[in-house]
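Take a look at the letters that make up each chain.
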Amino acid sequence: MSANKSIGCTVNQCKHHDGSENYCTLTQINVSTHESNPTQIECTDCASFEKKSCCCSH
Ligand code: SF4
């Protein structure tokens, strides 16, 4: 896997994160929302997020 410079991401807790650079390693991601009427950045989510299998206990 290598960094996809077209998808910047700072979510280091995701298993698809590059780790050393702030990029996603997937070739394509899906973005979604958990709001019925999203109005701010906080309303959107990366639907391709997957928690790293190691380390995080919460
Ligand atoms: S899948 Fe989403 S959250 Fe995970 S590294 Fe890629 S862009 Fe970031």
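Refer to the structure presented above.
How each quantity is defined
For every chain, the first residue of the written sequence is number 1, and numbering continues from 1 along that sequence. In keeping with the predicted nature of the model, local features appear solely for residues at pLDDT of at least 70, side-chain atom pairs appear and are counted solely at 80 or more, and the whole-chain, interface and lining totals rest on all residues. Hydrogens are left out, water is left out, and the side-chain values use all remaining heavy atoms of the structure. Each helix is a run of DSSP H or I of at least 4 residues and each strand a run of E of at least 2, with the numbering of both proceeding from the N terminus. For every residue, the accessible area (1.4 Å probe, protein chains only) is compared with the maximum for its type, and the residue is labelled buried under 20%, exposed over 50%, or partly exposed between those bounds. Surface exposure here means Shrake-Rupley accessible area, sampled with a 1.4 Å probe, where a residue is shielded only by the protein chains that are shown. Positive charges come from Lys and Arg alone, negative charges from Asp and Glu alone, with His and the N- and C-terminal ends not counted. A single reference atom marks each charge: NZ on Lys, CZ on Arg, CG on Asp, CD on Glu. A pairing counts as a salt bridge when a side-chain nitrogen of Lys or Arg comes within 4 Å of a carboxyl oxygen of Asp or Glu. Proximity criterion: a residue is near a molecule or strand once any of its heavy atoms comes within 4 Å of it. Think of it as three bins: nonpolar holds Ala, Val, Leu, Ile, Met, Phe, Trp, Tyr, Cys and Pro, charged holds Asp, Glu, Lys and Arg, and polar takes everything else, Gly as well.

Scanning the protein chain from terminus to terminus reveals 0 helices and 4 strands. Secondary structure elements of the protein chain, listed N to C terminal, follow the sequence β-β-β-β. For the C-alpha atoms alone, the extent of the protein chain along its principal axes is close to 35 × 30 × 15 Å. Taking all 58 residues of the protein chain together, 16% fall into the buried category. Of the accessible surface of the protein chain, which amounts to about 4500 Å², a share of 49% is contributed by carbon and sulfur atoms. Of the side-chain charges in the protein chain, 4 are positive and 6 negative, and the distance between the mean point of each set is 11 Å.

Here we take up the pattern of salt bridges. If you walk through the whole model with that rule in mind, you get 1 salt bridge. The closest approach of N and O atoms between Lys-15 and Glu-50, which form a salt bridge, is 3.5 Å. One end of the pair, Lys-15, is in the loop between strand E1 (4-8) and strand E2 (23-24); the other, Glu-50, is in the segment after strand E4 (44-46), and 35 residues separate them in sequence. With a relative accessible area of 40%, Lys-15 lands in the partly exposed category.

In this section: the site of the ligand. The ligand sits among Cys-9, Val-11, Cys-14, His-16, His-17, Cys-24, Leu-26, Ile-29, Cys-46, Ser-48 and Phe-49. When grouped by side-chain class, the residues that make up the shell around the ligand number 8 nonpolar, 3 polar and no charged.

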